[in-house]
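Chain by chain, the residues:
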Amino acid sequence: YLKILPLDQLKLDHALTADIASTGKGRIIVRAIIAMALELELDVVAEGVETWPQHDLLAQAGCRYYQGFLHGAPMSEAAFLDFAARV
């Protein structure tokens, strides 16, 4: 499906990113997926980024976009609107 769907982004599930700082196999798999996505000219969004080691390993592999508690906890609509108005 990566060859035929009109995609701009590939999202890495938190199950893939959760252990990349502690297991070599997980890190190898994530790096391979990011490399493939970049070769296909897709932006990569990593989900579940909670620590700086995760962030740094993903950045080194070429991932530029992140979701997770490291960058912001879930928030209510009102809190988000307040946040968005300040950014």
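Reading guide: rules and limits
- Residues numbered from 1 in each chain as written.
- Predicted model: local features only at pLDDT ≥ 70, side-chain atom pairs only at ≥ 80, totals over all residues.
- Heavy atoms only, no water.
- Pairing = 2+ DSSP bridges.
- Helix = DSSP H or I, 4+ residues; strand = E, 2+ residues; numbered from the N terminus.
- Contact = heavy atoms within 4.5 Å.
- Axes fitted to C-alpha atoms, helices over the stretch in contact; angles between N-to-C directions.
- Core = buried A, V, L, I, M, F, W, Y, C linked by side-chain atoms within 4.5 Å.
- Buried < 20%, exposed > 50% of the residue type's maximum accessible area, 1.4 Å probe, protein only.
- Patch = residues over 30% accessible without salt bridge, like charges linked within 9 Å, V, L, I, M, F, W, Y side chains within 5 Å.
- Areas by Shrake-Rupley, 256 points an atom, 1.4 Å probe, with all protein chains shown as cover.
- Salt bridge = Lys/Arg side-chain N within 4 Å of Asp/Glu carboxyl O.

Peer 1: Looking at this structure, I do not really get the sheet that holds strand E2 (residues 43-46). What am I missing?
Peer 2: As a general point, the strands of a sheet are linked pairwise by backbone hydrogen bonds and lie either parallel or antiparallel. Strand order across the open sheet formed by three strands is E1-E2-E3, with parallel pairing between neighbours. Each having just a single partner strand, strand E1 (9-12) and strand E3 (65-66) make up the two edges of the open sheet. Alignment of E1 against E2, held across four bridges, turns out to be parallel. Note that in E2 the partner of Lys11 across the bridge is Val45. Where helix H2 (residues 24-39) meets the sheet, its contacts fall on E1 and E2, and the angle it forms with E1 comes to roughly 170°.

Peer 1: Explanation requested: the nonpolar core in the structure shown.
Peer 2: Counting 12 residues, the largest nonpolar core consists of Leu10, Leu12, Ile20, Val30, Ile34, Ala37, Leu42, Val44, Ala46, Val49, Leu58 and Cys63. Residue assignment for this core shows that the elements contributing at least two residues are E1, H2 and E2. Broken down by element, the residue count for this core peaks at three residues, all from H2. Excluding its chain neighbours within four sequence positions, the residues that come into contact with Val44 are Leu10, Leu12, Ile34, Ala37, Cys63, Arg64 and Tyr65.

Peer 1: How do you make sense of the environment of His14 when you look at a structure like this?
Peer 2: If you trace the backbone, His14 turns up in helix H1 (residues 14-17). Residue His14 is classed as partly exposed on the basis of its relative accessible area of 44%. In this structure, His14 is in contact with Glu47 and Gly48, ignoring residues within four places of it in sequence.

Peer 1: Looking at this model, I keep getting lost on a nonpolar patch on the surface. Mind explaining?
Peer 2: Taken together, Tyr1, Leu2, Ile4, Leu5, Leu7, Met36 and Leu40 make up a surface patch of nonpolar side chains, about 710 Å² in accessible area. Looking at the secondary structure, you find Leu2 in the segment before E1.

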